[in-house]
Amino acid sequence: MTDTNTNQTWIILGASSTIAKAFTRSVAEQGAHVILAGRRMDDLKATADDATARGARDATPVIFDARVADTFQAIIDLASAQTGTINCAVFVGSMPAQETIDADPTLVDGTIADSFTGPARFLQMLAPVLIERGTGSVVGVGSVAGDRGRVGNYVYGAAKAGFATYLSGLRNALGRHGVHILTVKPGPVDTAMTQGLGKQPFMTTADAVVQDIHKALSKKRNTLYTKWIWWPVMTIIKLIPEPIFKKMSI
């Protein structure tokens, strides 16, 4: 972890997701102040109560919707009012089945807003605050699906690819101001999002992903594949020539 003292604030976007809740538990136990941002206030309040019980310095639930930019500034103002280091972890995303998007192309807009443009706009608004503090970490959770467009989830993959490229540029811009940007690329994680997909290769758990995130933060890593096996797997997949790849169903 970047710093284990209690003078840390973590903005957690998409705080109702399984991985976000595991991450919240971990930083709460370190005594951080957590700002829990998401769409479901009842769930956020329950998570805030749990965080406080685990030792969080404070836990503040607040509405955030990646598709509604008017919800962004209040979160940034709340974080800016805190002393010490401000960090942000992004767990926002939606993954409709590709066949569902094929039947209703209007779902493309929401998928891209949830998984890319909404979080990117929020981080762009937060960036001046992080630069002024001269420290902090951003954890952006993408997906191995963003490494190459595949027939089974290419809209979701395109959104995550865009977010990964954005984080790469943000790392270049903010790294020179003392801010660490970590891009996380999980494979399938045992969460509500993956229910109904059937048996998946190299499935991992939310708690395991969070452990890997903290190790990567402590080492100032730029990109994290979790499980680690996804790095060689996706390296091979990216090297397959397009004339061959377009005939495959992987």
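Residues numbered from 1 in each chain as written. Predicted model: local features only at pLDDT ≥ 70, side-chain atom pairs only at ≥ 80, totals over all residues. Heavy atoms only, no water.

Looking at an unreviewed UniProt entry, one finds the protein named Putative oxidoreductase and attributed to Octadecabacter ascidiaceicola. Here the protein is described in UniProt, under the heading Sequence similarities (unreviewed entry), as follows: "Belongs to the short-chain dehydrogenases/reductases (SDR) family." (UniProt positions renumbered as here; feature names shortened; annotations may be inferred.)

With that settled, consider the environment of H214. Topologically, H214 is positioned in helix α7 (residues 206–218). The buried category is assigned to H214, whose relative accessible area is 12%. With 188 residues separating them in the primary sequence, H214 and S26 have C-alpha atoms 9.1 Å apart. (Helix = DSSP H or I, 4+ residues; strand = E, 2+ residues; numbered from the N terminus. Buried < 20%, exposed > 50% of the residue type's maximum accessible area, 1.4 Å probe, protein only.)

Further remarks concern helix α2 (residues 41–53). Under the 1.5 Å per step criterion, the end-to-end length of α2 is 18 Å for 13 residues, consistent within 8% with the ideal 18 Å. Considered for burial, the residues of α2 that qualify are D43, L44, T47, A48 and A51. Angular distribution of buried residues about the axis of α2 spans 140°; they occupy a single face of the element. In this structure, α2 carries D42, D49 and A53 as exposed residues pointing more than 90 degrees from its buried face. Buried residues along α2 sit against α1 (18–28), β2 (33–38) and β3 (58–63). Two residues or fewer after α2 comes G55, characterised by a positive phi angle close to 115°. (Expected span 1.5 Å × (residues − 1). Arc of directions from axis to C-beta. Contact = heavy atoms within 4.5 Å.)

Judged by how many residues are buried, strand β5 (residues 137–141) sits mostly within the fold: five of five residues are covered. With three bridges connecting them, strand β4 (residues 85–90) and β5 associate as parallel partners. Looking at β5, one finds that A89 is bridged to V139. Inspection of the sheet shows β5 paired to strand β6 (residues 180–186) by five bridges, in the parallel sense. (Pairing = 2+ DSSP bridges.)

Attention now goes to the sheet that holds β3. In spatial order, the strands read β3-β2-β1-β4-β5-β6-β7; together these seven strands make up an open sheet with parallel pairing. Each of the sheet's edge strands pairs with one partner strand only, and the pair in question is β3 and β7 (223–226). The average angle at which neighbouring strand axes cross in this sheet is 15°, direction not considered. Where α2 meets the sheet, its contacts fall on β2 and β3, and the angle it forms with β3 comes to roughly 170°. Sheet strands touched by helix α6 (residues 154–174): β4, β5, β6 and β7. Its angle to β6, the strand with the most contacts, is close to 160°. (Axes fitted to C-alpha atoms, helices over the stretch in contact; angles between N-to-C directions.)

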